[in-house]
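A structural walkthrough
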Number of protein chains: 2
Amino acid sequence: MQPVDALIAHCRAHGMRMTVQRRAIFQYLWGNTKHPTAEEVFQAVQERYPGVSLATVYNTLETLTQMGEIQRLDLGGAAERFDPDVRVHHHFTCSGCGQVLDYFAVLPEDVFAGPPGARVDRVQLHAVGLCADCRKLPLPGGSAKSANPNLSS
Amino acid sequence: MQPVDALIAHCRAHGMRMTVQRRAIFQYLWGNTKHPTAEEVFQAVQERYPGVSLATVYNTLETLTQMGEIQRLDLGGAAERFDPDVRVHHHFTCSGCGQVLDYFAVLPEDVFAGPPGARVDRVQLHAVGLCADCRKLPLPGGSAKSANPNLSS
DNA sequence: GTACCTGCAAAGCGTTTGCTAATTC
DNA sequence: GAATTAGCAAACGCTTTGCAGGTAC
């Protein structure tokens, strides 16, 4: 996502109207590395503009996604998350604290080949585990082998 | 997922009751490579057992997931999908026809390292594009450069 | 002034849950 | 016979939509 001022200019140039709500959403997202959900964006913006509605947040996030300024992440869990970093990178969800971290790794060619005969347009890699902080804590799972506590056998 | 008979024996050995509904769900899932949603499982089972309820399907799928017999896939889109193949493999969603295909590729070590200091338990790789069949069709997107129409400028 | 946008509320969808009755062991 | 499980229906969370009024240009 480009800096707020540049983004505003870009929006205007494309005929979009710049409302205070949109400006606030842009400012919240700019440089944000927390991969917020729509709900989190809503709450943050609401602190400054109590009148803002969730529908407006969704509308703006959708518009930004279509403009290619942010990307939508489907990392499991109920809600979608939004990332102002549109570079190709991967995501890690900590099963302890729930935070989502970025990370970078180069994928081999055959990943981009996909199934025989197919054409791959987009690849999303999602890892789940425990972040550095949560590993230090003596919490359940902190030293367990796996984050999947569900194996009954 | 193990063969139906073995799975039934395994369930019984763990004190689970084998109802006709569960048996039908097991049979539908065994060898199924279509990555069905809960709704699709429900409809398939309903053809033979009209009395079955969606809640039962969800319950059984949840139980199988906890047993490690199937895996839950979150591939975007509204509904979760379920895969009786629990080996580590990747998934490809065709943006033309919507089908989900399996594919295999070896990932480099650093993918499993995750962010600095973290411990990775699970990695899911999801590709989106056009499958071999859809590439042959003269449909919109069939010859386009990318399925990501979101880059405006 | 005009068209787009906001805010509100309700509907939509997939999923989960609570309770009673049926079924498995 | 005892206890788990199915069925039904309603509730839930996230997202989308319809409409009337407001606001940027």
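These numbers were taken from a predicted model, which means no experiment stands behind them. Along each chain, residue indices are assigned from 1 in the same order as the chain's sequence is written. Lettering for chains starts from A, numbering for ligands starts from 1, and both go in the order in which the items are written. Side-chain atom pairs in this predicted model are given and counted only at pLDDT of 80 or more, local residue features only at pLDDT of at least 70, and totals for whole chains, interfaces and linings cover all residues. Side-chain metrics in this entry use all non-hydrogen atoms of the structure; hydrogen atoms and water are not considered.

Observations concerning the pattern of salt bridges
Using the following cut-off: Basic side-chain nitrogens of Lys or Arg form a salt bridge, by our definition, when they fall within 4 Å of a carboxyl oxygen of Asp or Glu. Exposure classes here rest on a 1.4 Å probe applied to the protein chains alone. A residue is buried below 20% of its type maximum, exposed above 50%, and partly exposed in between. Helix and strand definitions follow DSSP, with helices as H or I runs of at least four residues and strands as E runs of at least two, each counted in order from the N terminus.
Counting across every chain of the model gives 10 salt bridges over all chains. Across the pair Glu-80 of chain A and Arg-72 of chain A runs a salt bridge whose closest N-O atoms are separated by 2.8 Å. Given the relative accessible area of 32%, Arg-72 of chain A is considered partly exposed. The partner of Glu-62 of chain B in a salt bridge is Arg-72 of chain B, with the nearest N and O atoms 2.7 Å apart. Of the two residues, Glu-62 of chain B sits in helix 4 (residues 54–67) while Arg-72 of chain B sits in strand 1 (residues 71–73), which places them 10 residues apart along the sequence.

What to know about the protein's contact with DNA strand C
Heads up, the rule is: Neighbouring residues are identified by heavy atoms, a residue being near a molecule or strand if any of them is within 4 Å of it. Side-chain atoms alone can form a polar contact between residues adjacent in sequence; in general such a contact is a pair of N or O atoms within 3.5 Å, and within protein one must be able to donate a hydrogen while the other accepts it.
Taken together, the neighbourhood of DNA strand C is formed by 19 residues, with Arg-17 of chain A together with Arg-12, Arg-17, Tyr-58 and Glu-80 of chain B sitting nearest. Each atom of DNA strand C within 4 Å of the protein belongs either to a base or to sugar and phosphate, the latter forming 76%. Between a phosphate oxygen of DNA strand C and a side-chain N or O atom of Thr-19 of chain A, the distance comes to 3.1 Å. Between Gly-51 of chain A and DNA strand C, the recorded distance is 3.1 Å, taken from a backbone N or O atom to a sugar or linking oxygen. Sorting the residues of the surface near DNA strand C by element identifies helix 2 (20–29) and helix 4 (54–67) of chain A together with helix 4 of chain B as the ones contributing at least two each.

A look at unusual backbone geometry
Glycine aside, negative phi is the norm for most residues, and most peptide bonds take the trans geometry. Residues and elements named next belong to chain A. The backbone phi angle of His-35 is positive, close to 50°, even though this residue is not glycine. If you trace the backbone, His-35 turns up in the loop between helix 2 and helix 3 (38–48). We classify His-35 as buried; its relative accessible area is 0%.

Remarks on the protein's contact with DNA strand D
Neighbouring DNA strand D are 20 residues, the closest being Arg-12, Tyr-58 and Glu-80 of chain A together with Arg-17 and Gln-21 of chain B. The share of sugar and phosphate among atoms of DNA strand D within 4 Å of the protein is 75%. Contact between DNA strand D and Arg-22 of chain B: a phosphate oxygen at 3.2 Å from a side-chain N or O atom of the residue. Looking at the surface near DNA strand D, the elements that each hand over two or more residues are helix 4 of chain A together with helix 2 (20–29) and helix 4 of chain B.

Points about the domain arrangement of chain A
Residues and elements named next belong to chain A. Put simply, the rule reads: The source of the domain bounds is an automatic or database domain assignment. Once two parts are joined, some of their accessible surface, as seen by a 1.4 Å probe, is lost; buried area is that loss totalled over both. Polar here means any residue outside two lists: the nonpolar Ala, Val, Leu, Ile, Met, Phe, Trp, Tyr, Cys and Pro, and the charged Asp, Glu, Lys and Arg; Gly therefore counts as polar.
If you check the domain split of chain A, you get domain 1 (4–73) and domain 2 (87–136). The C-alpha centroid of domain 2 is placed 25 Å from the C-alpha centroid of domain 1. It is His-35, Gln-71 and Leu-73 in domain 1 that bury the most area against domain 2; as a group they hold 86% of the surface buried on that side. For the pair domain 1 and domain 2, the interface holds zero salt bridges. There are two residue pairs in polar contact (both at pLDDT 80 or more) connecting domain 1 and domain 2. Considering only residue class, the side of domain 1 that touches domain 2 consists of one nonpolar, three polar and one charged.

Some details on the packing of helix 2 of chain A against helix 3 of chain A
All names here are of chain A. Selection rule: Here the axes come from fitting lines to C-alpha atoms, over the contacting stretch only for helices, and the angles between their N-to-C directions go from 0 to 180 degrees. For classification purposes, an angle smaller than 35 degrees is called roughly parallel, one larger than 145 roughly antiparallel, one from 65 to 115 roughly perpendicular, and anything else oblique. Note on convention: the crossing is left-handed when the near helix lies turned anticlockwise from the far helix by less than a right angle, right-handed when the turn is clockwise. Any two residues whose heavy atoms approach within 4.5 Å at even a single point are treated as in contact.
Where helix 2 meets helix 3, the closest approach of the two axes is 10 Å, and the angle between their N-to-C directions is 120°. Compared by their axis directions, helix 2 and helix 3 come out oblique. You can see that helix 2 and helix 3 cross each other, and the crossing is right-handed. Residues Ala-24, Ile-25, Gln-27, Tyr-28 and Leu-29 of helix 2 form the contact with helix 3, whose participating residues are Glu-40, Val-41, Ala-44, Val-45 and Arg-48.

Observations regarding the state of the cysteines
Residues and elements named next belong to chain B. For clarity, the threshold we go by: Any pair of cysteine sulfurs within 2.5 Å is marked as a disulfide.
With the rule as written, the count across this model stands at zero disulfides over all chains. Cys-134 forms no disulfide, and the closest cysteine sulfur to it belongs to Cys-94, at a distance of 3.6 Å. Exposure remark for Cys-134: the relative accessible area of 10% places this residue in the buried category.

So, the sheet that holds strand 3 (residues 90–94) of chain B
Going by this rule: Paired strands, as defined in this entry, are two strands with at least two bridges between them according to DSSP.
Pairing is mixed in the open sheet, where six strands are placed in the order 4(A)-3(A)-5(A)-5(B)-3(B)-4(B). Strand pairing shows two members of the sheet lacking a second neighbour, strand 4 (100–103) of chain A together with strand 4 (100–103) of chain B, which therefore form its edges. Going from strand to strand, the sheet's axes swing by 25° on average, the running direction of each strand aside. Bridging between strand 3 (residues 90–94) of chain A and strand 4 of chain A involves four bridges; their strand directions are antiparallel. In the sheet register, His-90 of chain A faces strand 4 of chain A, and the bridge partner there is Tyr-103 of chain A.

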